[in-house]
Amino acid sequence: MYRFLLSRQWVILTLIALVLVPTMIELGFWQFHRHERRVAQNALIADSVAAKPVPVEELTSPGHTVPRADYWKPVTATGTFDTAHEVVVRRRTNSDDRVGVHVLSPLVLRDGRIVLVNRGWVPAAADQHSFPAVPPAPRGEVTITGRLKADETTGASGIKDLKGLPDRQVMLINSAQQAELIGREVLGGYLEQIAPEPAGNTPELIPEPDHDSIGAHMAYAVQWWLFTAGVPVGWVILVRREKRDRAAAAAGADASRAPENAPDAIQATPSR
């Protein structure tokens, strides 16, 4: 009754099922690992933003690559802003998803080295070639508190580093690039300013990174594993249905042939 499983149609269907099972198991684990990474990142962000601020020089130096363990840690920096080398970072959004720019200002420390400070978001200019209206940086010596971030790269951020941009406009926040433009030593990474708050709330400070939501990765993982369990169950149901249909068809064929093979029901009555 199960010889139909050797037919071309059923061999192909079985092979597809055998391929789907490990594929969907792997997709489930892929989503599960993404869930684990999100949970770990949330814990890292929560611990970092709650840490006590330390001087920026303790965590970075010129040419230094900020490690993941130091992302978002609060640091302080004291110096004067170099507004002559201030640039804007294109295609950035604020908390309302409006597209504008980030204001990147070099802060000259007391030892002459520079740390880049992302002072926040402002609307872009009316056209792509003009420099936007940027509120002036504070004059004189200031102390800035900010979250330490790593240099942006195309590989890590997915942002294409376009060339030929208008003067004082960039796509990425990168200390090495700015060191080349300014001609002085720049500490690795940059600061997202969180204090003091600017007058009139402009530039808009970068909001604290989200570390509460975990996304739907775990739900997607469970869905893939449920789909995996459904494949063999579905295969068995189809096999049993095919067997039942074939048995019914065979019984119908036998019934249709029965009158042809049955003996005569009427026999001659002998005469007296």
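Residues numbered from 1 in each chain as written. Predicted model: local features only at pLDDT ≥ 70, side-chain atom pairs only at ≥ 80, totals over all residues. Heavy atoms only, no water.

**With respect to the overall build of the chain**
Okay, so step 1: Across its full length, the chain carries four helices and eight strands.
Okay, so step 2: In the chain, the order of α-helices and β-strands from amino to carboxyl end is α-β-β-β-β-β-β-α-β-α-β-α.
Okay, so step 3: Since a compact globule built from 272 residues should have a radius of gyration of about 19 Å, the 35 Å found for the chain marks it as more spread out than a globular shape.
Okay, so step 4: Summarising its shape, the C-alpha atoms of the chain cover approximately 140 × 40 × 35 Å along the three principal directions. (Helix = DSSP H or I, 4+ residues; strand = E, 2+ residues; numbered from the N terminus. Rg over C-alpha atoms; globule rule 2.2 N^0.38 Å.)

**Things to note about the packing of aromatic side chains**
Okay, so step 1: Applying the stated criterion across every chain yields a total of five aromatic pairs.
Okay, so step 2: Here Tyr71 and Trp72 contribute two aromatic rings whose centre-to-centre distance is 5.5 Å and whose plane-to-plane angle is 80 degrees, an arrangement assigned as edge-to-face.
Okay, so step 3: In this structure Trp72 comes out as buried when scored by relative accessible area, which is 9%.
Okay, so step 4: Ring geometry for Trp224 against Phe227: centres 5.9 Å apart, planes inclined by 90 degrees, an arrangement best described as edge-to-face. Here Trp224 pairs with Phe227, and both are found in helix 4 (residues 217–261), just three residues apart, close to one helical turn.
Okay, so step 5: Classification of Trp224 as partly exposed rests on a relative accessible area of 27%.
Okay, so step 6: Positioned above the aromatic ring of Phe81, the side-chain terminus of Arg119 is 6.0 Å from the ring centre.
Okay, so step 7: Looking at Arg168, its charged tip hangs above the ring of Phe131, at a distance of 4.3 Å from the centre. (Phe/Tyr/Trp six-rings, centres within 6.5 Å; stacked < 30°, edge-to-face > 60°. Buried < 20%, exposed > 50% of the residue type's maximum accessible area, 1.4 Å probe, protein only. Lys NZ or Arg CZ within 6 Å of the ring centre and 35° of its normal.)

**A few points about a nonpolar patch on the surface**
Okay, so step 1: Together, Met218, Val222, Leu226 and Phe227 give the surface a local cluster of nonpolar side chains, amounting to about 360 Å² of exposed area.
Okay, so step 2: Judged by its relative accessible area of 45%, Phe227 falls in the partly exposed class. (Patch = residues over 30% accessible without salt bridge, like charges linked within 9 Å, V, L, I, M, F, W, Y side chains within 5 Å. Areas by Shrake-Rupley, 256 points an atom, 1.4 Å probe, with all protein chains shown as cover. Salt bridge = Lys/Arg side-chain N within 4 Å of Asp/Glu carboxyl O.)

**Here's the deal with helix 1 (residues 8–49)**
Okay, so step 1: The end-to-end C-alpha distance of helix 1 is 61 Å, a good match for the 62 Å that 42 residues give at a rise of 1.5 Å each.
Okay, so step 2: Looking only at helix 1, the buried set comprises Trp10, Ala17, Met24, Gly28, Gln31, His35, Asn42, Ile45 and Ser48. (Expected span 1.5 Å × (residues − 1).)

**Let's talk about the pattern of salt bridges**
Okay, so step 1: Inspection of every chain in the model, using the stated rule, returns nine salt bridges.
Okay, so step 2: Between Asp210 and Arg38 there is a salt bridge, and its shortest N-O distance comes to 3.6 Å. A residue pair is termed long-range when its members are at least 10 positions apart, and Asp210 in the loop between strand 8 (190–195) and helix 4 and Arg38 in helix 1 qualify at 172 residues.
Okay, so step 3: Residue classification places Arg38 among the partly exposed positions, given a relative accessible area of 24%.
Okay, so step 4: A salt bridge links Arg92 to Glu152, with the nearest nitrogen and oxygen atoms 2.8 Å apart.

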